[in-house]
Amino acid sequence: MDSRFQIGDILKLKSRYQDSAKFGIVLDVNKSESFGPGGWVSFDYVVMNEKEQIVHITESCVEKILYSQTRK
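In this text, all values refer to a predicted model and were calculated from it rather than measured experimentally.

Chemist: Tell me about the nonpolar core, and please be specific about residues and values.
Modeler: Among the nonpolar cores identified, the biggest contains 11 residues, and these are Phe5, Leu11, Leu13, Ala21, Val26, Phe43, Tyr45, Val47, Ile57, Cys61 and Val62. Those elements that provide at least two residues to this core are strand 1 (10–13) and strand 3 (40–49). Counting residues per element, this core draws most heavily on strand 3, at 3 residues. Here Val26 is in contact with Phe5, Gln6, Ile7, Gly8, Asp9, Leu11, Tyr45, Val46 and Val47, once residues within four sequence places are set aside.

Chemist: Run through the sheet that holds strand 5 (residues 62–67), naming residues and quoting values.
Modeler: With respect to topology, 5 strands assemble into an open sheet ordered 4-3-2-1-5, the strand pairing being antiparallel. Sheet topology places strand 4 (54–57) and strand 5 at the edges, where each strand pairs with a single neighbour. Between one strand and the next, the sheet's axes are offset by a mean angle of 40 degrees, whatever the strand orientation. Strand direction decides the pairing type here: strand 2 (residues 23–34) and strand 3, joined by 10 bridges, are antiparallel. Across the sheet, Asp28 pairs through a bridge with Val46, a residue of strand 3.

About the thresholds
Within each chain, residues carry numbers counting from 1 in the order of the written sequence. Selection of residues for local features in this predicted model requires a pLDDT of at least 70, selection of side-chain atom pairs for listing and counting requires 80 or more, and totals for whole chains, interfaces and linings are taken over all residues. Side-chain measures here rest on the full set of heavy atoms in the structure, leaving out hydrogens and waters. In plain words, nonpolar cores are sets of buried Ala, Val, Leu, Ile, Met, Phe, Trp, Tyr and Cys residues tied together by side-chain atoms within 4.5 Å. A 1.4 Å probe rolled over the protein chains alone gives each residue an accessible area, and that area as a share of the maximum for its type sets the label: buried under 20%, exposed over 50%, partly exposed in between. What counts as a helix is a DSSP run of H or I of at least four residues, what counts as a strand is a run of E of at least two, and both are numbered from the N terminus. Contacts between residues were defined by any pair of non-hydrogen atoms, one from each residue, lying within 4.5 Å. Here, any two strands with at least 2 DSSP bridges between them count as paired. Throughout, an axis means a line fitted to C-alpha atoms (over the contacting stretch in the case of helices), and angles, computed between N-to-C directions, take values from 0 to 180 degrees.

What follows is the structure, encoded as structure tokens:
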């Protein structure tokens, strides 16, 4: 299973998070997984927002990808 977002992607955050920030760029992708029956995979994204703050977000915080080098 691959991450939906990649390093360098520019993201627009959902409106409920826009008091903190409206946009972010992905700096790192962290993957956690549990193997075996009933296993799971989750992703956490390290993002720098337009206020130059480094934050951790999940996929559910993102409205859409504005720009991605890997997805044309």
